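Listed below, chain by chain, are the residues.
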Amino acid sequence: MVLLKFHGGCHQIGMSCVEVIGEKDRVFLDCGMMPDTGEIPKIDDNAPLIVSHAHLDHCGAIPFYNFKKIYCTPPTADLMFITWRDTLNLQKSFKEEDIQRALSSVECLNYYEEKKIGENLKFKLYNAGHILGSSSIYLEIDGKRILYTGDINESMQRTVRAADTDIDDIDILIIEATYGSPLDIKPARKVLERELVNEVKETIERGGKVIIPVFAVGRAQEILLVLNNYIRSGELEAKIFTDGSLIHATSIYLSYTDWLNPKLKNLIETGINPFGNVEKADESRIFKKDEPCVIVSTSGMVQGGPVLKYLRLLKDPKNKLILTGYQAEGTLGRALEEGIKEIKPFKNKIPIRGEVVKIEFSAHGDYNSLVRYIKKIPKPEKAIVMHGERYQSLAFAMTIWKNLKIPAYVPIKGTILPV
Ligand SMILES: [Zn+2]
Ligand SMILES: [Zn+2]
C-alpha cells in the first residue's frame, strides 16, 4: 500500500507539497510557499525531495528545511536560486546561508534519466512544457506508477516545447487544475500577442510609456520574446527597458539553449538575441519627459521589486500599465486591476490617471488543453486534482469522472489517500 499525504496546493494555488509514503521509502514532491502570505507546509524533512520547477509555489519553502537530497533538472536548480533570492529580499524569512545549504543538497538530472533513490523507489522527469526546466515527475514506488504533472502546458510556447505526453503506463495521476473549469477557455496565444502589441503601440504613438509587471521566470521571457519579435519584423517600434531579477533569469534561459523551443534555439545560434538587450534600466531615461518607452520589470503582482518605483508614471494619463497574469487577492496588482484611484507604494501618494489593462499570458494550459493532455497520456486508474482554486479543482474532477471515466479525487490539506 502506498499513501499520498497532501501538505498544500489543495483547493488553492500555492505551497504545493505531496508526501509519498511506501513500505520502506518516503519522498516529497515539491515544497512551495503561498505567494501572498508566505505560509509554508509543515513537514518532517528527513526524506528526499523532487522539485518539478522553479516557481515559488513549488520550491519557495525549501530553504526552511533540510532535505536529505533535492532532485531537479539543471535549469531548475539555477532558476530556484533566483526565486529564493527574490523571496529573501521580499520577506527576509530565511537566511542567505539557508539558500547556500539548500543549493548544496541539489542533485541534477536530465529529462528521462532514471534514478533509484530507495529500496523500492525510482523516478524520472518528463518535460512539462511550463517554463525552462519544468518537469512532470514519474515515480515508481512499491510497484505503483505515479505521474505528478506539476504545472503543465500541452501547447508549445515561445520559450519551451510542449509537455511530453508520450509517457510510460500510469496507475495514479496527480494533475494540476489552474484552469480546470469549463469556463476557463483562453483565447489563442496569437490573439493575446496581437492584443499586447496593439496596446503598446497605441501608448507609444501618443508619446506615452508602458509599464509591464512580470514574474521573473517564464512570463518575463515570453513577453520579451513577443515584443522583440514584433520589433524585428518592423511592426512595432519601441524602446524596451528591463529591471529586476528577470535580468538574471533571462541570462539562465540563454545558458540552456538545448532546453528551449527549437525555433528559439536556432535564432540564438544565428547570433540574434531574441530577448533583446536585457540589462538594468537607465532610470533617468525612463523618467525623461516625452520619451515613449516600455518598461518590463518584476514583480508580477506588483508586490515588490523595482516595478514599484515606476508606478509614479501612472500619474500621467498618457501612460499605461499592462498586467500580464493572475493577480492574487490582497496584492497591489489586484487593487490596480480593480481600478483603485490612488496608491501609496512608498511615502507619497500616487493618483492613478493612466489606463490599467490586463492581458492574461499564462504558462498553463487552459481547460481544453488539460482535457487534451489527459486523453493523450496513458489512462490512469485514478486521478487526483490539485493546484487549482476550489471551484476549478472540483469542476475539473467532475470532468475527469464524467467525460473521461476516471475516478477522481480532490484532497484537502492534510488528506492521506491510500492508493
Ligand atoms: Zn509554475
Ligand atoms: Zn504552480
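Residues numbered from 1 in each chain as written. Chains lettered and ligands numbered in written order. Predicted model: local features only at pLDDT ≥ 70, side-chain atom pairs only at ≥ 80, totals over all residues. Heavy atoms only, no water.

In the annotation of an unreviewed UniProt entry, the protein chain is listed under the name RNA-metabolising metallo-beta-lactamase and assigned to Methanocaldococcus infernus. Its UniProt record, at the heading Cofactor (unreviewed entry), says of the protein chain: "Zn(2+)". (UniProt positions renumbered as here; feature names shortened; annotations may be inferred.)

As a further point, take the domain arrangement of the protein chain. With domains assigned, the protein chain is organised as domain 1 (3–183 + 363–418) and domain 2 (200–358). Each of domain 1 and domain 2 has a C-alpha centre, and the two are 29 Å apart. Of the roughly 2,200 Å² buried at the junction of domain 1 and domain 2 (both faces included), carbon and sulfur atoms supply 64%. On the domain 1 side of the contact with domain 2, Leu132, Arg158 and Thr159 bury the most area, a combined 34% of that side's loss. At the surface where domain 1 touches domain 2, the tally comes to 0 salt bridges. (Domains from an automatic or database assignment. Buried area = accessible area lost by both parts, 1.4 Å probe. Salt bridge = Lys/Arg side-chain N within 4 Å of Asp/Glu carboxyl O.)

Residue pairs spaced three or four apart in an α-helix point in one direction, given the helix's 3.6 residues per turn. Buried residues of helix H3 (residues 96–104): Asp98, Ile99 and Ala102, and no others. For H3, the angular spread of buried residues about the axis comes to 100 degrees, placing them on one side. When the buried face of H3 is taken as reference, the exposed residues oriented beyond 90 degrees from it are Glu97, Gln100 and Ser104. The inward-facing, buried residues of H3 abut strand S5 (70–72), helix H2 (74–91) and strand S6 (106–108). (Buried < 20%, exposed > 50% of the residue type's maximum accessible area, 1.4 Å probe, protein only. Helix = DSSP H or I, 4+ residues; strand = E, 2+ residues; numbered from the N terminus. Arc of directions from axis to C-beta. Contact = heavy atoms within 4.5 Å.)

Moving on, we get to the pattern of salt bridges. Enumeration over the complete set of coordinates arrives at 33 salt bridges. Members of the salt-bridge network, linked through shared partners, are Glu199, Glu202, Arg206 and Lys320.

Along strand S11 (residues 172–176), 5 of the 5 residues are buried, which leaves the element largely enclosed by surrounding structure. With burial as the criterion, each face of S11 is covered, one bearing Ile172, Ile174 and Glu176 and the other bearing Leu173 and Ile175. Bridge analysis of strand S10 (residues 144–148) against S11 gives 3 bridges, and the strand direction is parallel. Note that in S11 the partner of Leu147 across the bridge is Leu173. (Pairing = 2+ DSSP bridges.)

In this structure's numbering, the residues bearing the UniProt feature "domain: Metallo-beta-lactamase" (unreviewed entry) are residues 14–208. From the first C-alpha to the last, residues 14–208 spans 36 Å; its make-up is 25% helix and 23% strand.

Around the zinc ion (ligand 2), the protein supplies Asp57 (OD), His58 (NE2), Asp151 (OD) and His387 (NE2) as donor atoms, at distances of 2.1 to 2.2 Å. For the zinc ion (ligand 2), the 4 donor atoms in the first shell make angles of 88 to 165 degrees at the metal, a pattern classed as irregular. Spacing between the donor residues of the zinc ion (ligand 2) along the chain follows D-H-x92-D-x235-H. The distance between the zinc ion (ligand 2) and the zinc ion (ligand 1) is 3.4 Å, with Asp151 acting as a donor to both metals. (Donors = N, O, S within 2.8 Å, 3.2 Å for Na, K, Ca; no water. Tetrahedral: all angles 85-135°; square planar, octahedral: opposite > 155°, others 65-115°.)

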